[in-house]
Amino acid sequence: MEKEVLMKIPLLDLKRDWQEIKEEVEAGWREVTFSMQLLNGKNLLAFEKEAALYFGTKFAHGVGSGTEALWLALIACGIGPGDEVILQANAFAADVEAIKWAGARPVLVDIQEKDFGPDPEKIRAAVTPRTRALMVVHLYGHPLEMEPLLELADQHGLILIEDASHAHGAEYRGRKVGTFGKVGCFSCGVVKNLNALGDAGLVITDDPEIAHRLKYLRVHGQVHKNDHHFYGFNARLDELQAVVLRARLKRLDTKNKRRREIARRYQQALSDIKGLHLPPEEDEIKKPVFHRYVVRTSRRDELKAYLKERGIGTGIYYPVPLHLQPAWKAEGYPTYKLPVSERIAQEILAIPLFPEMEEIEIEEVCAAIRAFFKI
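What counts, and at which threshold
- Counting from 1, residues in each chain are numbered in the order their sequence is written.
- Note on the predicted model: pLDDT of at least 70 is required for a residue's local features to be given, and 80 or more for side-chain atom pairs to be given and counted; whole-chain, interface and lining totals, by contrast, use all residues.
- Values reported for side chains reflect all heavy atoms of the structure, with hydrogen atoms and water molecules removed beforehand.
- Nonpolar core, defined: a set of buried Ala, Val, Leu, Ile, Met, Phe, Trp, Tyr and Cys residues in which side-chain atoms within 4.5 Å join the residues together.
- We call a residue buried when its accessible area falls under 20% of the maximum for its residue type, exposed when it is over 50%, and partly exposed in between, using a 1.4 Å probe and counting protein chains only.
- Two residues form a contact once any of their heavy atoms are found within 4.5 Å.
- Salt bridges are counted wherever a side-chain nitrogen of Lys or Arg sits within 4 Å of a carboxyl oxygen of Asp or Glu.
- In this text, helices come from DSSP runs of H or I with a minimum length of four residues, and strands from runs of E with a minimum of two, each type numbered from the N-terminal end.
- Identification of polar contacts relies on pairs of N or O atoms within 3.5 Å, with a donor-acceptor requirement for protein atoms, meaning one able to donate a hydrogen and the other able to accept it, and with residues adjacent in sequence counted only if both atoms are side-chain atoms.
- Here an angle of 0 to 180 degrees is reported between the N-to-C directions of two axes, which are lines fitted to C-alpha atoms, with helices fitted over the stretch in contact.
- The handedness criterion is simple: a crossing whose near helix is rotated anticlockwise from the far helix by less than a right angle is left-handed, and one whose near helix is rotated clockwise is right-handed.
- Residues are grouped as follows: nonpolar covers Ala, Val, Leu, Ile, Met, Phe, Trp, Tyr, Cys and Pro; charged covers Asp, Glu, Lys and Arg; every other residue, Gly included, is treated as polar.
- We call two strands paired when DSSP finds no fewer than two bridges between them.
- What goes into a patch is any residue over 30% in relative accessible area without a salt bridge, connected to like charges within 9 Å or, for nonpolar side chains (Val, Leu, Ile, Met, Phe, Trp, Tyr), within 5 Å.
- Method for areas: the Shrake-Rupley scheme with a 1.4 Å probe, in which residue coverage is limited to the protein chains shown.
- Each residue after the first adds 1.5 Å to the expected span of a helix.
- Two axes enter the definition of the bend at a residue: one is fitted to the seven residues ending there, the other to the seven starting there, and the bend is the angle between them.

Asks: Give me the lowdown on the nonpolar core, citing residues and values where you can.
Replies: Buried together is how nonpolar side chains tend to be arranged in soluble globular proteins. If you look at the biggest cluster of nonpolar residues, it comprises 89 residues, and the most contacted ones within it are Leu74, Leu87, Tyr266, Ile351 and Ile369. Look past the residues within four positions of Leu87 in its chain and what remains in contact with it is Asp95, Val96, Ile99, Val107, Leu108, Val109, Met135, Val137 and Leu322. Core analysis: the next-biggest nonpolar cluster, separate from the first, contains 24 residues, Ala60, Ala170, Ala196 and Leu237 among them.

Asks: Now, about the pattern of salt bridges: what can you tell me, with residues and values included?
Replies: Oppositely charged side chains can pair when the atoms bearing their charge come close. Taken as a whole, this structure holds 34 salt bridges when the rule is applied. Asp17 is paired through a salt bridge with Arg248; the nearest N and O atoms lie 2.0 Å apart. Here Asp17 is found in helix α1 (residues 14-35), whereas its partner Arg248 is found in helix α8 (residues 239-270), with 231 residues between them in sequence. Arg248 matches Asp17 in its accessibility class, with the two residues each being buried.

Asks: Residues and numbers for the side chain of Thr57, please.
Replies: Along the chain, the position of Thr57 falls in the loop between α2 (42-55) and β1 (59-63). The class of Thr57 is buried, set by a relative accessible area of 10%. There is a polar contact of 3.2 Å between the side chain of Thr57 and the backbone oxygen of Phe59. When neighbours within four sequence positions are excluded, Thr57 is seen to be in contact with Ala52, Thr179, Ile204, Thr205 and Asp206.

Asks: Quick rundown of the packing of α1 against α8? Include the residues and the values.
Replies: Relative to each other, α1 and α8 sit at 145°, their axes nearing to 9 Å. At the point where α1 passes α8, the crossing takes the right-handed sense. Contacts from Asp17, Glu20, Ile21, Glu24, Val25, Gly28, Trp29 and Val32 in α1 reach Glu239, Leu240, Val243, Val244, Ala247, Arg248, Lys250, Arg251 and Lys255 in α8. Partitioned by chemical class, the residues of the contact of α1 with α8 number eight nonpolar, one polar and eight charged.

Asks: Before we move on, can you summarise the pairing of strand β14 (residues 348-351) with the specific residues and values?
Replies: Of the two faces of β14, the one lined by Ile348 and Ala350 and the one lined by Leu349 and Ile351 are each fully buried. Pairing between strand β13 (residues 293-296) and β14: four bridges, direction antiparallel. If you follow Arg296 over to β14, its bridge partner there is Ile348.

Asks: Requested: an account of a nonpolar patch on the surface, with residues and values cited.
Replies: Nonpolar side chains collect at one region of the surface, where Met36, Leu38, Leu39 and Leu240 lie side by side and expose about 320 Å² of accessible area between them. Along the polypeptide, Leu38 turns up in the loop between α1 and α2. You can call Leu38 partly exposed: its relative accessible area is 35%.

Asks: Give a description of α8 that names residues and reports values.
Replies: If you check α8, its first and last C-alpha atoms are 43 Å apart, about what 32 residues at 1.5 Å a residue would give, namely 46 Å. Of all the bends in α8, the greatest measures close to 50° and is centred on Leu252. Backbone nitrogen of Leu240 and a side-chain oxygen of the N-cap are separated by 2.9 Å at the start of α8; the cap is Asp238.

Listed below in structure tokens is the structure:
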């Protein structure tokens, strides 16, 4: 008896999207390599203008990675030794790294299930006289409910920094996330919705003083050649990646629209399954961009194994909360009990969702999940 040939459905397929922009990008690269202005050239300047226009901010600065975006944002806002920064426990390690290397101390809080964001009441309880900033993460492309967070920041005099690395183009009440706080930070790494062909990042702000520091922190504080006004870092976005990001940015809204369409297909096909929790839907207030389509089930590991057997890729973002990571313990940071974060970390599973998915692939993913739950 012949073995059944399974359809291979990856969690993400970068090759499909590349074909759409290949000629445009390679033409741009030829111009860059002809001029050999590989840094601080016309493509970086153009991308920054285009990004500022897209997000509706006064300033946008390209940097070398999302981690650098977070790190430079904290430093530009004056966060340093002796300061505390509150952060949700289900974020990525880069958020803690940025806080640590800025010289501040991370303080973790538990999350709420409805949007995977920090619980405002937990934030309120965590504020001390040393608290200077609140860093929030729009996880998986879902906009957080911003009013309680803005109210807390205003009430306690906190600098609000948004990590919107999963949420390029997501909107809350008609306004793009990343524009609510003092600074918005984005990774533009290879798997993001707005993705380069290597490491890249973006920082946006309306504050001219912070923008000035961000602009020059990334180039050793060098305002003019050999004229260093302060000490900074090497955290530049190069011309080759700027070419890629310009091409991607033009298509971002179209790609995000397709992501929402696929998410609606999943919602329609999977919403009746008991024991399977689906992510927040789009509504008139929140417009997500579904960087990941993350479901939750107490049978996560079984489902993951079942889908793997059927050739369907999955991912877990993130399996270990920040306070349980070896690096956190090695730093001697406090021990926490954060039950919601810990439980959800055991339940989350990302299933395939990328704009170039074919209808037959979407149908196969839905059929496989329904078969697992015997629906």
